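Summary of structural features
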Amino acid sequence: MSLSWGHRPPSKVAKRLRVPLGYALVLVASLAIAGSDGWVGPPPIGQAEHDAIEAVLREHVIALNTRDLLRFRDTFDQTRVFFGDCQDVVFRSLPVGVRLGEPVLGPVERYGDYLRAWISDGVDWRRQYFRYVGDRWLLSEPLPQELGTERSAVYGGVELLSWSIDDDIVDLVGAALPDVRDFVVRHAKVSPTGQFSVRIDPLADPRGGTACLSAGNASLAYKASGARIVHSDVRVTTSLAALSTDTLTTLRHEALHWIQLDYSADAVRNMEWWLIEGWPYFLTEPPSRLDRRVAFCLDGDVSIPSLRAGPPRGATYDLLARDYVLAGALVEYLETTYGADAYWSVLDGFRSNVDARKVYEAAIGTDPVTFFDGWARWMREGYC
Ligand SMILES: [Zn+2]
C-alpha cells in the first residue's frame, strides 16, 4: 500500500514566450568510452542527423499547434508505450488557443543507439531522446534496462538515487537538496522525524493521465520512515550552470509533501485534496492577483466538490492549473481568517477522523458550507 500523488501542476511551459538564445550549452559529460588501445569515441554526430532531429522536433510542435493527432503521433516512437501514452495526454491537455514556440536545439550526443539532445523552450534546457525507427529519427525514450547502473549518493543528509544515464546532471540535483530541505523544514509545525529521499527517473510515468503533466511526485510506502520524491523532468539553465527555477520549485513542492507526511501520514490519507495540494502550492508559487482572477472570477465553473475530492483523472492542463491556484487561495484564506495555526489544527483533526464536517467544526469552529461560502465571498470581494 502506498500513498502517491502526481503532485506539482504542469509548469507554465505552454504560456512561455520563446527567448532567443544565441549561445550553445557546454556539456560537462562525455559519453566517450575507453578501450584497451586508448580512447575510442562514439562516431560524431553528422549534420544530417542534427537536421533530422531538428525537423522531427519542428514537425512535433506544428502538429501540436494545428491539433493534428495523426501527424503528431507520427513524430514519436510507437514502441515506447508509456511515453506514447504521455504524449497523447500532452496533446489532449494543451489549452485551446495556446501555441508553442519552436524549440531550440542545443548539443546532440549519442547514448547507445539513441541520440540525446538538449532542447530549450526559450527558458530552460531539458534532454530528449531520439531513436532511428524504420527510415527516420523519432522522439523516443530508452527502455528501463538501458538506464545503466544504479547509483546512490547523499547530499546534506538527503539520499539521491539515479541511474548512470543521468550522471551528468546528478550533482546539480544533489547540490540543491540541502537548500530544499532547509526551505521546507522552516515551514514545518514540528521538526520532522524522518528524512526524504529523491530518485531521478528519466522515463515517462506509467500511470498515465495527469501524472504525465507533472514533473514530480511524492509517495510513501506504508509505515516507511520517509517519503520518496521521484523527479522525472530535470531542467537546467544554460551551460548546465544550475537547476532551473521550475525544477527547484518542483523539488520544494514535493518536499513539502514530505513535511505533511512526516507530520501525519494518517491525516494526509484522510484529508481533502485542497489541503494536500494548496499548502505546498501556496508556499512555493503564491498565485498572483491575475492568476486568482482568471481562476475564480472569469470561470463560472468553479467546483467545490472537485476542490475537495481532487481534479478528475482526465483533467486538462487548464483545469489542473486552475484548481491548484484555487487550492492555494483556500489555504491562504484558512490561515488569514482562522489564524496562522489553523492549517495544522485541521490536519490534527484529520489524523483520526474522516468526517470532514466534524473536523472543520472542531478545528475552526465552522461547517464546510459556511467555510467555502466565506472563501468565495473573500475571493469575489478581493479579486473580481
Ligand atoms: Zn503536490
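The preceding data block contains the structure.
Residues numbered from 1 in each chain as written. Predicted model: local features only at pLDDT ≥ 70, side-chain atom pairs only at ≥ 80, totals over all residues.

Considering the overall build of the protein
- For the protein, the helix and strand inventory stands at 12 helices and 12 strands.
- Each of the 384 residues in the protein was classed as buried or not, and the buried ones make up 37%. (Helix = DSSP H or I, 4+ residues; strand = E, 2+ residues; numbered from the N terminus. Buried ≥ 20, exposed ≤ 12 C-beta atoms within 10 Å, placed from the backbone.)

Here we look at the packing of helix H10 (residues 342-350) against helix H11 (residues 356-364)
- Contact pair H10 / H11: the axes reach a minimum separation of 9 Å and the direction vectors enclose 140 degrees. The orientation of H10 relative to H11 falls into the category oblique. Helix-helix and strand crossings are classified by hand; for H10 and H11 the assignment is right-handed. Between H10 and H11, the contacting residues are Ala 342, Ser 345, Val 346, Asp 348, Gly 349 and Phe 350 on the first element and Val 359, Ala 362, Ala 363 and Ile 364 on the second.
- Residues that form the contact of H10 with H11 fall into these classes: seven nonpolar, two polar and one charged. (Axes fitted to C-alpha atoms, helices over the stretch in contact; angles between N-to-C directions. Parallel < 35°, antiparallel > 145°, perpendicular 65-115°, else oblique. Left-handed = near helix turned anticlockwise from the far one by under 90°. Contact = placed C-beta atoms within 7 Å. Nonpolar A, V, L, I, M, F, W, Y, C, P; charged D, E, K, R; others polar.)

A few points about the pairing of strand S10 (residues 197-200)
- Relative to S10, strand S9 (residues 158-163) runs parallel, the two being bridged by three bridges. When the bridges of S10 are listed, Leu 161 appears paired with Arg 199.
- Since S9 and S10 lie parallel, the crossover through helix H4 (residues 170-185) that links them has a hand, and here it is left-handed.
- Taken together, the four bridges between S10 and strand S12 (residues 228-231) define a ladder with parallel strand orientation. Paired with Val 198 across the bridge in S12 is Ile 229. (Pairing = 2+ DSSP bridges. Right-handed = clockwise from strand over helix to strand, strands pointing away.)

Considering the environment of Ala 356
- Within the secondary structure, Ala 356 is located in helix H11.
- Sequence separation between Ala 356 and Asn 270 is 86 residues, and the spatial gap between their C-alpha atoms is 8.8 Å.
- Other than its neighbours up to four places away in sequence, Ala 356 contacts Glu 272 and Pro 368.

Examining the pairing of strand S5 (residues 114-120)
- Across the seven residues of S5, six count as buried, placing the element largely inside the fold.
- From the end of strand S4 (residues 104-111) to the start of S5, which pair antiparallel, there are two residues, and Gly 112 there has a positive phi angle of about 55 degrees.
- As paired strands, S5 and strand S6 (residues 125-133) are joined by six bridges and run antiparallel to one another. Across the sheet, residue Arg 116 finds its bridge partner in S6, namely Tyr 129.
- Counted between consecutive antiparallel strands, the loop separating S5 from S6 contains four residues, among which Gly 122 sits at a positive phi close to 100 degrees.

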